[in-house]
Structure formats: structure tokens, C-alpha cells
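Residue-level listing of the chains:
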Amino acid sequence: MSFAASVLTLYPEMFPGALGLSLAGRALEAGTWSLDAIQIRDFAADKHRTVDDTPAGGGAGMVMRADVLARAIDHASPAGDVRPRLLMSPRGKPLTQARVRELAAGPGAVILCGRFEGVDQRVIDARGLEEVSIGDFILSGGEPAALVLLDAVVRLLPGVMGNAVSGEEESFENGLLEHPHYTRPQEFEGREIPEVLISGNHKKIAAWRREQSERLTQERRPDLLGAQPLRK
Ligand code: SAH
């Protein structure tokens, strides 16, 4: 059973975009996952195909209408569809590798991309949308965020990554940032590959990598050290 993504957007041309290339693109072609980009405007009811209106209470910008979005969501995700319904939103729970893993293990996702100031709260409540953020910054729309989320999910689908082991050693998978990498040439602008990595002593190499991971995490992301490791 392949992972089915339905993306609701005012810019369906943005999809599959970057996900049509490389690993994700090959997996899309192979049918490991599917992508349906749905034009929200098709669910507008008036002849101008209006999808937004001015904010109740005043203020700058426009708000996406609940009724139009509800029709689009109900079309993409009729009763009985068990896929989670996500709303890309800077107010959402920050996306984590743990949530990415859960999504990849599931049947797919329905992803709503906001634009303007955001979406009417009532559709979030009425359709049980899970708000997901990709970080503490503001994008002009949810589409790049949806591409980011799908990229992270698709690479975990069975058969997508050539070398399955590399996925398990990555940053965040064990609650730590990854150790530094090196490859040939042995010397680059006077800098050598650390001795231990060419020693052939696998135990020492593993210990060195672990040490580097812990040092980097302590320096850059001490917040991760307080958190429970995902696995192991
Ligand atoms: N007025 C809103 C920002 C709207 S940005 C606020 O202050 O919270 C327009 C749209 O871009 C949002 O509806 C959302 O879908 C998307 N977006 C912006 N930043 C995002 C982020 N960090 N993560 C996920 N989606 C984001």
C-alpha cells in the first residue's frame, strides 16, 4: 500500500516541484507514494472564485474562508478517510523526526497549505486539523512547508533510500546530532582526516563518533539532551 498525499493549495503548480526529482521523484514514478495537488479555488461558490475575505475584527491582510476550505477538505478526504489532516502553520507543533516517522508508517496525509494571514479558525476546529510548523519563521505560504514535510516522510518509505542503514544513524534518530563526516582526499588544504577514522579499528571509530555527537549536541542543541531518545 503506497503513501497517499493530498495537498490543498492555491498553487497546485508548485507540486511535485522539488519532489519530482531525485529520490522522491523516482519513488513517485515507481508508485511508492502518490501526490494529488488540489486547487482550493475550485471549491469557491461565487463567479469570482473568492477564497478569502477581510479579517473579522479588522486588521491587515486576508483570511481564507472556512466554507470554501471545508468543501475542499471534504472532497479530498471524505468520511472514512483515515489519513491525518494537517494544516501547515507557524502556530503549529514543531515538526519532529518522531512525527515524520509516524506519518511515514501511516496511509498518507491530507495537507492544507495556508496563504495570506492564515485560515478561519472554525474550519481548523470543525475538520480537526493538526497544525504543523516547520520552524520559528514565517513563510509566505504553506506550500514550501508541505514540500519539506513530504520530503522528510517520503525518504523513509520502504525502498526509497538506497542504503537503509544511513537513515538510522542520522541526526535526531538517537536524540543526538550526527558526528562530522570525511571522505577522500586524505589531505585537503592542509587539513587531514582524523587519524582514528583511518585506523580500521571499528570500536574506536564508533566511540569517537559517539563522543563527537555528544560534544556537538552539547554545544549546539543542549535542549535535545533533556529529551528522551527516539529509539535504541
Ligand atoms: N499570520 C500568520 C502567518 C501567515 S503566513 C501568523 O502570524 O501566524 C501564511 C501561511 O504560510 C500560513 O497560513 C501557513 O500555511 C504557512 N506558513 C508560514 N510559516 C510557516 C511555518 N513556519 N511552518 C508551516 N507553515 C507556515
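Data block above holds the structure.
Calculation rules
Residues numbered from 1 in each chain as written. Predicted model: local features only at pLDDT ≥ 70, side-chain atom pairs only at ≥ 80, totals over all residues. Heavy atoms only, no water. Helix = DSSP H or I, 4+ residues; strand = E, 2+ residues; numbered from the N terminus. Buried < 20%, exposed > 50% of the residue type's maximum accessible area, 1.4 Å probe, protein only. Core = buried A, V, L, I, M, F, W, Y, C linked by side-chain atoms within 4.5 Å. Contact = heavy atoms within 4.5 Å. Axes fitted to C-alpha atoms, helices over the stretch in contact; angles between N-to-C directions. Parallel < 35°, antiparallel > 145°, perpendicular 65-115°, else oblique. Left-handed = near helix turned anticlockwise from the far one by under 90°. Nonpolar A, V, L, I, M, F, W, Y, C, P; charged D, E, K, R; others polar. Salt bridge = Lys/Arg side-chain N within 4 Å of Asp/Glu carboxyl O. Pairing = 2+ DSSP bridges. Near = heavy atom within 4 Å. Polar contact = N/O pair within 3.5 Å; in protein donor to acceptor, adjacent residues only side chain to side chain. Areas by Shrake-Rupley, 256 points an atom, 1.4 Å probe, with all protein chains shown as cover.

**Q** Help me understand unusual backbone geometry, please; the structure alone is not making it clear to me.
**A** Excluding glycine, most residues fall at negative phi; most peptide bonds, likewise, are trans. Geometrically, the link from Phe15 to Pro16 is a cis peptide bond, its omega value of 0° lying close to zero. In this structure, Pro16 sits in the loop between strand E1 (3-9) and helix H1 (22-30). Residue Pro185 is reached from Arg184 by a cis peptide bond, and omega for that bond is 5°. Among the structural elements, Pro185 can be located in the loop between helix H6 (164-168) and strand E8 (187-188). Of note in the backbone geometry, Arg49 takes a positive phi value of approximately 55° without being a glycine. Following the sequence through the fold, Arg49 ends up in the loop between strand E2 (33-39) and strand E3 (52-53). In this structure Arg49 comes out as partly exposed when scored by relative accessible area, which is 36%. One non-glycine residue, Phe116, lies in positive phi territory at about 60°. Mapped onto the fold, Phe116 is located in the loop between strand E6 (108-113) and helix H4 (121-126). Here Phe116 falls in the partly exposed class, since its relative accessible area comes to 41%.

**Q** What exactly am I supposed to notice about the nonpolar core here?
**A** Looking at soluble globular proteins, one finds that nonpolar side chains tend to be buried together. In terms of nonpolar packing, the biggest core is built from 29 residues, with Phe3, Trp33, Ile111, Leu149 and Leu150 touching the most fellow members. For this core, the elements supplying multiple residues, two or more each, are E1, H1, strand E5 (85-94), helix H3 (97-105), E6 and helix H5 (143-154). At 8 residues, the largest contribution of residues to this core is made by H5. Non-local contacts of Ile111, meaning those with residues more than four positions away in its chain, are made with Ser6, Val7, Leu8, Leu86, Met88, Ala146, Leu149 and Leu150. Core analysis: the second largest hydrophobic core is formed by 21 residues, Val51, Leu69, Ile73 and Leu87 among them.

**Q** Before we go on, may I ask you to explain the packing of H3 against H5 in this structure?
**A** Think of two packed helices as two axes; the pair is described by the angle between the axes and how far apart they sit. Where H3 meets H5, the closest approach of the two axes is 8 Å, and the angle between their N-to-C directions is 70°. Considering their axes alone, H3 and H5 lie roughly perpendicular with respect to each other. The handedness of the crossing between H3 and H5 comes out as right-handed. On the side of H3, the interface is formed by Val100, Leu103 and Ala104, while H5 contributes Leu149, Ala152 and Val153. Its residues assigned to classes, the contact of H3 with H5 comprises 6 nonpolar, no polar and no charged.

**Q** Hey, could you run me through the pattern of salt bridges in this one?
**A** Proximity of charged atoms lets side chains of opposite charge pair with each other. This structure, assessed with the given rule, holds 14 salt bridges. Notably, a salt bridge pairs Arg83 with Asp81, separated by 2.8 Å at the nearest N-O pair. Looking at Asp81, the relative accessible area reads 23%, which means it is partly exposed. Here Glu143 and Arg115 are joined by a salt bridge, their closest N and O atoms 2.8 Å apart. Taken together, the residues span a long stretch of sequence, with Glu143 in helix H5 and Arg115 in the loop between E6 and H4 at a distance of 28 residues. As far as burial versus exposure is concerned, Glu143 and Arg115 are alike and both buried. Linked by salt bridges that have partners in common, Arg99, Glu102 and Glu130 make up one network.

**Q** Mind showing me how you'd approach the sheet that holds E5 here?
**A** Adjacent strands of a sheet pair through backbone hydrogen bonds, lying either parallel or antiparallel. Pairing within the open sheet is parallel, and its 5 strands lie in the order E2-E1-E6-E5-E7. Of all the strands in the sheet, just E2 and strand E7 (130-133) have a single pairing partner and so form its edges. Taking each pair of neighbouring strands and ignoring which way they run, the sheet shows an average axis angle of 35°. Relative to E6, E1 runs parallel, the two being bridged by 5 bridges.

**Q** What should I look at first to understand the site of the ligand in this one?
**A** Near the ligand lie 19 residues; those nearest to it are Met88, Gly114, Glu117, Gly135 and Phe137. Phe137 places a main-chain nitrogen or oxygen 2.8 Å from a nitrogen atom of the ligand. A distance of 3.4 Å separates an oxygen atom of the ligand from a polar atom in the backbone of Gly142. Taking 560 Å² as the accessible area of the ligand by itself, protein coverage stands at 85%. Listed by contribution, the elements that provide at least two residues to the shell around the ligand are E5 and E7. Ranked by the residues each element gives to the shell around the ligand, the list is headed by E5, at 3 residues. Each residue belonging to the shell around the ligand can be placed in one class, and the counts come to 9 nonpolar, 8 polar and 2 charged.

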